[in-house]
Amino acid sequence: MQLVMLETNGNQHYIFSSPRLRDNIGASSLLTHLEQWTEEALASTGAAGAWRASRGLPAGPGADKSQWVSRSSGKVIVMVDEPQRARDLIGEVTRRALAQAPGMDVSGVHLDMGDKTHVDEDLLKRIHARAARYGLRRPPAEAR
């Protein structure tokens with residue numbers, strides 16, 4: 001099982017990159033779309049259906065709520081069944097952000113949960129540490 005964290009980076013720079021208030025409000029609003037994009041990517045990549053099947057949950061809306069660990073503006077944490085689904089999810093969400101919110105810096109990391117079936121404090125610390133290390137290694141958004 002994989003723990004996946006997607007988050008926006010450099011939010012203030014993104015929001016205030018324009019001197020126009022209308023642009024600032026629109027950019028701030030776009031940051032809240034990360035949760036929706038992730039939910040839609042879970043469905044389109046098959047990660048939500050695979051999660052329901054692996055847990056023996058019925059198909060249908062709301063059946064995959066146990067897959068979500070955290071949902072907030074600018075950061076989401078979910079569980080998926082295998083590493084390839086984690087990579088597919090991260091790729092789809094980051095490509096969508098690039099297409100629909102140019103300039104928004106979205107990154108994602110995933111972590112093998114081992115034999116754990118529930119997220120604990122240790123896993124949360126490890127996924128945040130992995131995201132911090134990844135953030136230090138990658139080029140700044142303007143360079144990409």
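If you're wondering where the values come from, they're calculated on a predicted model, not measured in any experiment. Residue numbers restart at each chain and count upward from 1, following the sequence in its written direction. Selection of residues for local features in this predicted model requires a pLDDT of at least 70, selection of side-chain atom pairs for listing and counting requires 80 or more, and totals for whole chains, interfaces and linings are taken over all residues. Neither water nor hydrogens contribute to the side-chain values; these are computed over all heavy atoms in the structure.

## Let's talk about the pairing of strand β3 (residues 75-80)
Within β3, 5 of the 6 residues are buried, leaving the element largely enclosed by the surrounding structure. One requirement defines pairing of two strands: DSSP has to find at least two bridges between them. Numbering of helices and strands starts at the N terminus; helices are DSSP runs of H or I of at least 4 residues and strands are runs of E of at least 2. Two elements, strand β2 (residues 68-72) and β3, share 4 bridges in a ladder whose sense is antiparallel. Directly across from Trp68, in β3, lies its bridge partner Val78. Between β2 and β3, which pair antiparallel one after the other, the connecting turn spans 2 residues, and Gly74 there sits at a positive phi close to 95°. For each residue, the accessible area found with a 1.4 Å probe, counting protein chains only, is set against the maximum for its type, and the residue is called buried under 20%, exposed over 50%, and partly exposed in between.

## Here we look at the side chain of Thr38
Within the secondary structure, Thr38 is located in helix α3 (residues 34-44). Any pair of residues with heavy atoms lying within 4.5 Å of one another is described as a contacting pair. Apart from residues lying up to four places away in sequence, Thr38 is in contact with Leu6, Trp68, Val76, Val78, Leu89 and Val93.

## Observations concerning the pattern of salt bridges
We define a salt bridge as a contact between a side-chain nitrogen of Lys or Arg and a carboxyl oxygen of Asp or Glu at a distance within 4 Å. Evaluated as defined, the whole model comprises 9 salt bridges. A salt bridge links Lys116 to Asp122; its shortest N-O distance comes to 3.6 Å. Residue Lys116 is classed as partly exposed on the basis of its relative accessible area, which comes to 27%. Accessibility expressed as a relative area gives 38% for Asp122, which makes it partly exposed.

## A few points about the confidence of the model for the protein chain
pLDDT gives the predictor's per-residue confidence on a scale running from 0 to 100. On average, residues of the protein chain score 81 in pLDDT, and 77% of them reach the 70 mark or higher. The low-confidence segment residues 11-16 (pLDDT under 50) makes 14 contacts with residues lying over four places distant or belonging to another chain. This stretch, residues 20-27, has a pLDDT under 50; its non-local contacts, to residues over four places away or in other chains, come to 6 contacts.

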